[in-house]
Amino acid sequence: MTRIKRGYIARRRRTKLCLFASSFRGAHSRLTRTMTKQRIRALVSARRDKGKRKRDFRRLWITRINAVIHETEVFYSYNQFIHNLYKKQLLLNRKILAQIALLNRSCLYTISNEIKK
């Protein structure tokens, strides 16, 4: 019986896996089975932490806006400020408001005066 050479598909799959896991340490970058498990773990962590990162940034923006509001006494509370923004239909998201609060406080005063009218 003649020897049958295997195809290239499994090798191609393992090569792709090696490229993904090349930065892992130890056996996690050398052995196929551990590479596969580590890849699954890495992708699960990435998916989980993507949502966490979004929550963390939102908290950071809210904290920055709140700090500037309290420091300058533009409004009594962050909640009132956001509520009045929506009431006046000034569609500025928290990310933009946080950047304005850090870089250009006079602009934030202008926005708050528009809200108060």
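Residues numbered from 1 in each chain as written. Predicted model: local features only at pLDDT ≥ 70, side-chain atom pairs only at ≥ 80, totals over all residues. Heavy atoms only, no water.

**Q** Now, about a positive patch on the surface: what can you tell me, with residues and values included?
**A** Judged by side-chain charge, Arg-47, Lys-50, Arg-53 and Lys-54 come together as a positively charged surface patch. Mapping Arg-53 onto the fold places it in helix H2 (residues 32-72). (Patch = residues over 30% accessible without salt bridge, like charges linked within 9 Å, V, L, I, M, F, W, Y side chains within 5 Å. Areas by Shrake-Rupley, 256 points an atom, 1.4 Å probe, with all protein chains shown as cover. Salt bridge = Lys/Arg side-chain N within 4 Å of Asp/Glu carboxyl O. Lys, Arg positive; Asp, Glu negative; His and termini not counted. Charge placed at Lys NZ, Arg CZ, Asp CG, Glu CD. Helix = DSSP H or I, 4+ residues; strand = E, 2+ residues; numbered from the N terminus.)

**Q** How would you explain the packing of aromatic side chains if you had to name every residue and give the values?
**A** Per the stated rule, a full pass over the model turns up two aromatic pairs. Residues Phe-20 and Phe-24 carry aromatic rings whose centres are separated by 6.1 Å and whose planes lie at 85° to one another, so their mutual orientation is edge-to-face. Plain terms: the ring middles of Phe-57 and Trp-61 are 6.0 Å apart, the flat faces sit at 35° to each other, and that makes the pair tilted. Separated by four residues within a single helix, Phe-57 and Trp-61 lie in helix H2, roughly one turn from each other. A cation over an aromatic ring shows up here: Arg-39 above the ring of Phe-20, its NZ or CZ 5.5 Å from the ring centre. (Phe/Tyr/Trp six-rings, centres within 6.5 Å; stacked < 30°, edge-to-face > 60°. Lys NZ or Arg CZ within 6 Å of the ring centre and 35° of its normal.)

**Q** A description of the pattern of salt bridges should follow, citing residues and the corresponding values.
**A** For the structure on display, the rule yields three salt bridges. Across the pair Asp-49 and Arg-48 runs a salt bridge, and its minimum N-O distance is 3.2 Å. Taking relative accessible area as the criterion, Asp-49 reaches 31% and is therefore assigned partly exposed. Overall, Arg-48 belongs to the exposed group, its relative accessible area being 52%. Of the charged contacts in the structure, one is a salt bridge between Arg-105 and Glu-71, with a shortest N-O distance of 2.5 Å. Of this pair, Arg-105 sits in helix H5 (residues 105-116) while Glu-71 sits in helix H2, and the two are 34 residues apart along the sequence. (Buried < 20%, exposed > 50% of the residue type's maximum accessible area, 1.4 Å probe, protein only.)

**Q** Summarise unusual backbone geometry; cite the residues concerned and give the values.
**A** Phi angles above zero are rare outside glycine, and Gln-89 is one such case at about 60°. Relative to the elements of secondary structure, Gln-89 occurs in the loop between helix H3 (78-87) and helix H4 (94-103). Under the relative-accessibility criterion, Gln-89 is labelled exposed at 65%.

**Q** How would you sum up the environment of Leu-108? Please name residues and give values.
**A** Within the secondary structure, Leu-108 sits in helix H5. The class for Leu-108 is buried, based on a relative accessible area of 1%. Residues Leu-108 and Ile-65, spaced 43 residues apart in sequence, show a C-alpha to C-alpha distance of 9.6 Å. The contact partners of Leu-108, leaving out residues within four places of it in the chain, are Val-68, Phe-81, Leu-97, Ile-100 and Ala-101. (Contact = heavy atoms within 4.5 Å.)

In short, shape yes, function no, at least from these values alone.
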